[in-house]
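# Structure assessment
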Amino acid sequence: MEYNSFIGLIPWPVAAATAAWFSAMAYRSGKSIILWAICGGLMGLVVTTITLGLAQATFIPFYTSEVAPFRLKIATLAIVLVACTGWVFTGSLHHRLLAVMKPSTPPPPAPTPPAKPPTSPAKP
C-alpha cells in the first residue's frame, strides 16, 4: 500500500480555515472567540478526517489514473460537509437567520380616543 500524504495533509488546513471562520462569526456576535475557534477547528478536523478515511476505506482503484480525481472529489466533498455542518453549528451566531426565525410581534393596538360625555339637549 502506498503512503497517502494527501489524507494526512488535507484535514489540517480545513480545520484552520474552520477555526478562523468560527472565530470571525463569534467576534461579530460578541461571543467567546477562543472557545468558538477551538470548537470550529475540532469540528473541521473530525468531519474531514472521518470523511476522507471512510472514502479511502471504500475505494479500490483499478488503475492508478483513478486515484487523483477520486482524491479531489473526496476533498471537495469533505470541505462541503464541513461548510454545511459548520453552518448548522453556527446558527446561533447568524443574526439574519435569527431575525427570520423569531416570531413576529403583532403591532400595538391603535389608541382609542377618550370617551366624550353624552351631550344633553339644550333647554330653552
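For the structure itself, look to the data block above.
Residues numbered from 1 in each chain as written. Predicted model: local features only at pLDDT ≥ 70, side-chain atom pairs only at ≥ 80, totals over all residues. Heavy atoms only, no water.

### Describing the overall build of the chain
Basically, it comes down to this: Counting from the N terminus, the helices are the DSSP runs of H or I reaching at least four residues and the strands are the DSSP runs of E reaching at least two. Burial status follows relative accessibility: with a 1.4 Å probe on protein chains alone, a residue under 20% of its type maximum counts as buried, one over 50% as exposed, and anything between as partly exposed. For this analysis, residues touch if any pair of their heavy atoms sits within 4.5 Å. Areas reported here follow the Shrake-Rupley algorithm with a probe of radius 1.4 Å; residue values treat only the protein chains shown as occluding.
A count of helices and strands for the chain gives five helices and zero strands. In the chain, the succession of α and β elements from N to C terminus is α-α-α-α-α. With 124 residues in all, the chain has 31% of them scored as buried. Within the chain, contacts between residues at least 6 apart in sequence are counted, and of these 66% link residues at least 24 apart. Of the roughly 9500 Å² of accessible surface on the chain, 73% is carried by carbon and sulfur atoms.

### A few points about a nonpolar patch on the surface
Stated formally: Note on patches: the residues involved have over 30% relative accessible area and no salt bridge, like charges join within 9 Å, and the nonpolar side chains Val, Leu, Ile, Met, Phe, Trp and Tyr join within 5 Å. Salt bridge criterion: a side-chain nitrogen from Lys or Arg within 4 Å of a carboxyl oxygen from Asp or Glu.
Together, Leu42, Val46, Ile50 and Leu54 make up an exposed nonpolar region whose accessible area comes to about 380 Å². Within the element layout of this structure, isoleucine 50 appears in helix α3 (residues 33–58).

### Examining the nonpolar core
Formally: Note on terminology: a nonpolar core comprises buried Ala, Val, Leu, Ile, Met, Phe, Trp, Tyr and Cys residues joined through side-chain atoms within 4.5 Å.
Ranked by size, the top nonpolar core spans 17 residues in total, and within it Trp36, Met43, Leu52, Phe70, Ile74, Val82 and Leu93 carry the most contacts. Every element with two or more residues in this core is listed here: α2 (11–29), α3 and α4 (67–89). Apart from residues lying up to four places away in sequence, methionine 43 is in contact with Thr18, Phe22, Val82, Thr85, Gly86 and Phe89.

### Things to note about the packing of α3 against α4
As a reminder of what qualifies: Interaxial angles span 0 to 180 degrees and are taken between N-to-C directions of axes, which are lines fitted to C-alpha atoms, for helices over the stretch in contact. Handedness of a crossing is defined here by the sense of rotation of the near helix relative to the far one, left-handed for an anticlockwise turn of less than a right angle and right-handed for a clockwise turn. Residue polarity follows a fixed list, in which Ala, Val, Leu, Ile, Met, Phe, Trp, Tyr, Cys and Pro are nonpolar, Asp, Glu, Lys and Arg are charged, and the others, Gly among them, are polar.
Their axes nearest at 9 Å, the elements α3 and α4 cross at an angle of 145 degrees. The handedness of the crossing between α3 and α4 comes out as right-handed. The residues of α4 that touch α3, namely those facing Trp36, Met43, Gly44, Val47, Thr48, Thr51, Leu52, Ala55 and Gln56, are Phe70, Arg71, Ile74, Ala75, Leu77, Ala78, Leu81, Val82, Thr85, Gly86 and Phe89. Its residues assigned to classes, the contact of α3 with α4 shows 13 nonpolar, six polar and one charged.

### Observations concerning the packing of aromatic side chains
Aromatic ring pairs are reported here in terms of the distance separating the ring centres and the angle at which the planes meet. Put simply, the rule reads: Paired rings are identified among Phe, Tyr and Trp, the last through its six-membered ring, by centres lying within 6.5 Å, and are further divided according to the angle between planes into stacked (under 30 degrees), edge-to-face (over 60) and tilted (the rest).
With the rule as written, the count across this model stands at three aromatic pairs. Between tryptophan 21 and phenylalanine 22 the ring centres are 5.4 Å apart and the planes differ by 85 degrees, which places this aromatic pair in the edge-to-face class. Both rings, one in phenylalanine 59 and one in phenylalanine 70, keep their centres 3.8 Å apart while their planes meet at 5 degrees; by these two values the pair is stacked. Linking phenylalanine 59 in the loop between α3 and α4 with phenylalanine 70 in helix α4, this pair joins segments that are 11 residues apart in sequence. Each member of the pair, phenylalanine 59 together with phenylalanine 70, is buried. Here the aromatic cluster, defined as three or more aromatic residues joined through ring pairs, consists of Trp21, Phe22 and Trp36.

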